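Structural characterization, general
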Protein chains: 4
Amino acid sequence: MAAGTETDLSADDAGETVTASVIGGTGFTGGELLRLLAGHPNVEISEVTSRSKAGKSVGSVHPPLRGADLRFTEPDDLESIDVLFAATPHGVSMGQIDEFFDVADTVVDLSADFRLESEAQYDEWYDGHDAPAYLEQAEYALPEINRENLEDAELIASGGCNATATILGLYPLFEHGVLEGGEQVVVDVKVGSSEGGAGGGEASSHPERSGVVRPYAPTGHRHEAEIEQFLGTSVAFTCHAVDMVRGASATSHVFPSGPVSKGDCWKAYRGCYEDEPFVRMAAGGSGVYRYPEPKAVAGTNYAEVGFELDRSNERVVVFSAIDNMMKGSAGQAVHATNVALGFEETAGLECTGFHPVGAP
Amino acid sequence: MAAGTETDLSADDAGETVTASVIGGTGFTGGELLRLLAGHPNVEISEVTSRSKAGKSVGSVHPPLRGADLRFTEPDDLESIDVLFAATPHGVSMGQIDEFFDVADTVVDLSADFRLESEAQYDEWYDGHDAPAYLEQAEYALPEINRENLEDAELIASGGCNATATILGLYPLFEHGVLEGGEQVVVDVKVGSSEGGAGGGEASSHPERSGVVRPYAPTGHRHEAEIEQFLGTSVAFTCHAVDMVRGASATSHVFPSGPVSKGDCWKAYRGCYEDEPFVRMAAGGSGVYRYPEPKAVAGTNYAEVGFELDRSNERVVVFSAIDNMMKGSAGQAVHATNVALGFEETAGLECTGFHPVGAP
Amino acid sequence: MAAGTETDLSADDAGETVTASVIGGTGFTGGELLRLLAGHPNVEISEVTSRSKAGKSVGSVHPPLRGADLRFTEPDDLESIDVLFAATPHGVSMGQIDEFFDVADTVVDLSADFRLESEAQYDEWYDGHDAPAYLEQAEYALPEINRENLEDAELIASGGCNATATILGLYPLFEHGVLEGGEQVVVDVKVGSSEGGAGGGEASSHPERSGVVRPYAPTGHRHEAEIEQFLGTSVAFTCHAVDMVRGASATSHVFPSGPVSKGDCWKAYRGCYEDEPFVRMAAGGSGVYRYPEPKAVAGTNYAEVGFELDRSNERVVVFSAIDNMMKGSAGQAVHATNVALGFEETAGLECTGFHPVGAP
Amino acid sequence: MAAGTETDLSADDAGETVTASVIGGTGFTGGELLRLLAGHPNVEISEVTSRSKAGKSVGSVHPPLRGADLRFTEPDDLESIDVLFAATPHGVSMGQIDEFFDVADTVVDLSADFRLESEAQYDEWYDGHDAPAYLEQAEYALPEINRENLEDAELIASGGCNATATILGLYPLFEHGVLEGGEQVVVDVKVGSSEGGAGGGEASSHPERSGVVRPYAPTGHRHEAEIEQFLGTSVAFTCHAVDMVRGASATSHVFPSGPVSKGDCWKAYRGCYEDEPFVRMAAGGSGVYRYPEPKAVAGTNYAEVGFELDRSNERVVVFSAIDNMMKGSAGQAVHATNVALGFEETAGLECTGFHPVGAP
């Protein structure tokens, strides 16, 4: 049997269970989170709030939960639980963070409200911050680079999809000295339509959105702040919408100051990821899937990372691919929660993906 | 937690494990089967054969198995195992069935070789049969309608994707007397490109295949034989290729001889399916997903079934949707094996699907 | 050179030019109509109305018209023109038809407001009719079956997309006695997302709409009325949304009362269509495109029609495919206008389509 | 009427007609070329060669040509014609160029055989060259930057799709001094499946190819040679396959040595393109289509070009989009032929595209 399943069993044996509620359960991210929590061996779902859908069955909004006995509840008067997950739009959590901690010991926020370290960054990239006192306490959730700080963390800020894909691709090169900071780094990201959320709108209607290669946020994308905060260097970031629903693919073009060998790169990536349960290397080789592709990780919490050297341009091209709903959002939040609460890291995240699969 | 997960745990507790090998592991169906078996709590994979890929890692062909430690082996000299799965093209199993039983107590065939009851049917619909003596012994695997016969079955013929979708939609109407046989039944099926297998060819190349609504096998589709064998009535069957990779959707237009009420239909479907772990009813209601859709069951072993009455035409329109790789093939084979060997029926089949998901 | 182009030249020589305005130019249908009129050798566009976009350039809404010097104008105080095209939602034209005729000699309505013959039909299928006096005068525009009546017609009701596809497939069988009326006819239609119009909404957002095989209007579709009015027999009609933007494909399953040969069918189709500039037969043959497909007619005013016999079920399966925006809407309106005003029938409609093309 | 149509008419009036034959008419590029030539007012198609399909109707391979009376002929003993178009795989034309000129005054090659200036480049990027003597005589066809040299050219080398998209985006910045050469230039291209040609193969089968964001030729793409030859600077080039059939989108990230204003960029682009019939600027503005997109030019010979400034990274992001089958291949070849033979530049290329359209 696959390793994933074995760890699943041991997790089941562990047995410990916490109670969890989800705020904002009607969106794509909230639904994905609920799907994962419903199958998590150590989690019992207490409440799922939605003012608009209160009383309705969760399965009527999220088909994967048709089997589960869950109904949306009013967001007021939450019962006390162990963990509160906030899957609300940017700006909501920072305004309610005190109430969140009134009912929960651990708060996991999937929005951008607590990802940056300083109020100054929120002034620069967002519209300021309502609860700056919490920023120092918040731990950014990208377990592969911040695992130690996540243990016993009480406020977890789950990393953004595009930032996660980019950071996972570039971090080892900085960590192992292939890059020192200050080099030219261009990040060209391609994302699926689920990043836009369940809202819709003309540009995301099927006739206008299908088949696109559409530049959006060509410059000044807010995820730049997350990336630069963790890599300690500036990146030139551009995002494109392409025809898939799930997935984010980041191609990073970097120009080391000195000569770099394949061995140097392999050493950096192996050094960072060889023991990571959710990172796969894909760098060349044979077959159809030679480099990271969103298709190959659709529905999973895996990130695929790979690279290629361009000697004539003294460039390293780094590819990284994730499912933006999983490793880029709900899956990452559950992974971080597993670390924080001492559960098996892969608990609830065992899906290994599908082949073949269409536009994920 | 979701019911599915609870049964998963109890299955894990059960603990009993059988050994299994897969013949023809390089195709889409073989890969899907391996993915399921690798995560099955009661199965240990022994060998996966492929003459062309012998020695290569299974993960190099099937991305979901990159994590598993599995390599293709030569098909000759199979070790003795408890269960042998044959995921070979039509015609192969009937020629090797004796060898299969030399090494295994239970043989599960995913091809059409043992689905029909008589040599005469194979003469009519195929090119005859090499081992007709096995036809009587073989049990057709559509557990929802043939569960009793599958218990302790030694030769299991896993049902075809289009036939499975169609039969699941129509069977209750015949079983509960809404239809008596002899009525006009038109079945209009829409299928994804994975039904064509990994082979490829010009018509299934991306430029020619994407965006199609393409009639294929407009008449005389071989699955008609399976359907008529189990429903005991003739159906007018037509198949279309549409732009998805996974999925089969059957719309059956039936014309009862007398008046039929919604209650009659609900009674028939509830009577057959209310205790079935892998059949969901979707007949109207609110939200986006009101009727069965392949998207809603992609990656799962669920079949969705629904209907609508057309009073002005005295017609019942029946919709059924499955993932052709799962409920239409590998998932059904595992489900049938679970029944035959006394495992938890849902063991290895707990995936509840994803939302949102693109062309599955 | 292709026949289409030759007739184009002669049309150019003809030279006569009429003035035309379009009401409701912001929708998909209005945009398609404008694209055709902008390239029409005998038409000069006078005004394009839109209350919401008045003053804005038409190209900012419809990319194909970026090159044209056209701006939206207020719908009030239209200048007198020769032809007025109404691309407004159902119900608008019937309320303004008098004003339409105040400014134009010929009115071409693309909505359903004047397609049916009697007020009684509008009471049954719609919410009644505001201007029943015009129903008798209105001519249904499906030039292939109603050409004579369209000559010099003053009020043209352009046929609906699903009805057009269905009628073109079945009409010859009735016209040439293969069917007499009263036989069982099941019509299973697959359509693209542009049929939903530019509005959008959750169900038509890209994440929810892509990759679907989604039953909608499973029974009681209003186009049934158009079809039955012209074929003089009832049809059991069901519609599915599939993953394409443009296109409607109708598969009609018919059961003649007596034996029918391929020759009988060919005779019927050739008899009706061999001289038609916009109908192509595709019935078997070799290559990838053996039967009618929306892909093969995307962007064109062609309808493809084909059939297959199912001897074991005494069934004729009829396939017909169109581009719902062209032959199913704007193209058909322009074709009918060409007939009514005595222009070359193919004027402005010469596009022969593309190969390969994705989801059209 | 649209400008395009007016110029069409004048072209028709011109009347002069040349004879043309196409070598290699079964591929996607050959089919597109035939479609354009069949509708070209100044071209009469003489022969279309194909050894494998000789005698078969061209329409059986290319649906848009079903209306045309054209059959494939043996490639031997071509009749003398005015213009010979070679739509053959790389390496064929260089071996037969002498025979080509035996039967034609003008040769238009759509392969890469005559795009580079020196034998040394072919040694570096390809497998050398069989007819280097012709390299000096050959004129690279990107009419927007090489129009003068194309007039009366006898050997035209039609530019490659990815190179064309990239060069059109960057050329004005070099031409007008925004860039001087030597700056860091990263080009990240996204292309559709038609670039792979009609061949097919596992990686381009629908199940494996749909929904991808797949790095291919991550470094060392041969089009780098064309780009660097015309821009006189090196570019770091990477290509991705995305889910569309037609289209190439190039995003170029450039880092000028000094400060650059929007006005500087607009001046450069307007200076180069304001009178070009096939280049549209799309840089911001309102609506859904704010930047260049393949969807907006699908089926047309237009290139869309746009840009955005990234002050924080002192970067200019340049977007350019074309239909790889048209402006990137057959359309460009026809445009160049129009220039060489003194026809109306837009003759045969008037299609303005469609809205909405799916994955083009």
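Just so we're clear, the structure is a prediction, and the values are computed from it rather than from any experiment.

Quick look at the interface of chain A and chain D
- At the junction of the two partners, chain A supplies 52 residues and chain D supplies 52 residues.
- For the pairing of chain A and chain D, the buried interface totals around 3,800 Å² over both sides, and the portion due to carbon and sulfur atoms is 59%.
- Connecting chain A to chain D are four salt bridges.
- The closest approach of N and O atoms between Lys190 of chain A and Asp188 of chain D, which form a salt bridge, is 3.1 Å.
- Here chain A is connected to chain D by 24 residue pairs in polar contact (both at pLDDT 80 or more).

Looking at the UniProt feature "active site" (unreviewed entry) in chain A
All names here are of chain A.
- Under the feature "active site" (unreviewed entry), the UniProt entry names Cys161.
- Relative to the elements of secondary structure, Cys161 occurs in helix H6 (residues 161-175).
- Each residue touching Cys161, except ones within four places of it in the same chain, is listed here: Glu195, His223, Ile322, Asn324 and Gly328.

Some remarks on the sheet that holds strand S10 (residues 236-242) of chain B
Residue and element names in this part refer to chain B.
- The seven strands lie next to each other as S9-S10-S8-S11-S14-S13-S12, forming an open sheet whose pairing is mixed. Of all the strands in the sheet, just strand S9 (213-216) and strand S12 (279-281) have a single pairing partner and so form its edges. This sheet shows a mean twist of 20 degrees between the axes of neighbouring strands, independent of strand direction.
- Relative to strand S13 (residues 303-310), S12 is paired through three bridges, and the arrangement is parallel. The residue of S13 that forms the bridge with Val279 is Ala303.

Brief notes about the pairing of strand S2 (residues 43-49) of chain B
All names here are of chain B.
- When you tally the buried positions in S2, you get five out of seven residues, the bulk of the element.
- Following the chain from strand S1 (residues 18-23) across helix H2 (residues 28-38) to the adjacent parallel S2, one finds a crossover that is right-handed.
- Bridge count between S2 and strand S3 (residues 72-73): two bridges; the pairing is parallel. Directly across from Val48, in S3, lies its bridge partner Phe72.

Overview of the packing of aromatic side chains
All names here are of chain A.
- Per the stated rule, a full pass over the model turns up 38 aromatic pairs over all chains.
- Ring plane angle 15 degrees and centroid distance 5.6 Å describe the contact between Tyr269 and Phe307, whose orientation is recorded as stacked. Highlighted residues: Tyr269 in helix H9 (residues 262-273) and Phe307 in strand S13 (residues 303-310), separated in sequence by 38 residues.
- Note on Tyr269: relative accessible area 0%, which makes it buried.
- Feature note: the residues Trp266, Tyr269, Tyr273 and Phe307 constitute an aromatic cluster, connected by ring pairs.

Observations regarding the environment of Ala68 of chain B
Residue and element names in this part refer to chain B.
- With respect to the element layout, Ala68 can be found in the loop between helix H3 (58-61) and S3.
- A relative accessible area of 18% means that Ala68 is categorised as buried.
- Sequence spacing of Ala68 and Met94 is 26 residues, and the spatial spacing of their C-alpha atoms is 31 Å.

A few points about the relation of the copies chain C and chain B
- Turning chain C through 180 degrees and shifting it by 0.0 Å along the axis lays it on chain B, with an RMSD of 0.0 Å. Viewed as a symmetry operation, the transformation between the two copies matches a two-fold axis. Residues of chain C ranked by C-alpha distance from the rotation axis are headed by Asp243 of chain C, positioned 2.9 Å from it.
- A share of 100% of the interface residues of chain C reappears at the interface of chain B, consistent with the copies meeting face to face through the same patch.

Digging into helix H6 (residues 143-150) of chain B
Residues and elements named next belong to chain B.
- Most of H6 is tucked away, with six of its eight residues classed as buried.
- When we look at burial in H6, the residues that qualify are Pro143, Glu144, Ile145, Asn146, Arg147 and Leu150.
- Directly beyond the C-terminal end of H6, a positive phi value near 65 degrees is found at Asp152.

Calculation criteria
Residues numbered from 1 in each chain as written. Chains lettered and ligands numbered in written order. Predicted model: local features only at pLDDT ≥ 70, side-chain atom pairs only at ≥ 80, totals over all residues. Heavy atoms only, no water. Contact = heavy atoms within 4.5 Å. Buried area = accessible area lost by both parts, 1.4 Å probe. Salt bridge = Lys/Arg side-chain N within 4 Å of Asp/Glu carboxyl O. Polar contact = N/O pair within 3.5 Å; in protein donor to acceptor, adjacent residues only side chain to side chain. UniProt positions renumbered as here; feature names shortened; annotations may be inferred. Helix = DSSP H or I, 4+ residues; strand = E, 2+ residues; numbered from the N terminus. Pairing = 2+ DSSP bridges. Axes fitted to C-alpha atoms, helices over the stretch in contact; angles between N-to-C directions. Buried < 20%, exposed > 50% of the residue type's maximum accessible area, 1.4 Å probe, protein only. Right-handed = clockwise from strand over helix to strand, strands pointing away. Phe/Tyr/Trp six-rings, centres within 6.5 Å; stacked < 30°, edge-to-face > 60°. Least-squares fit on C-alpha atoms with pLDDT ≥ 70 in both.

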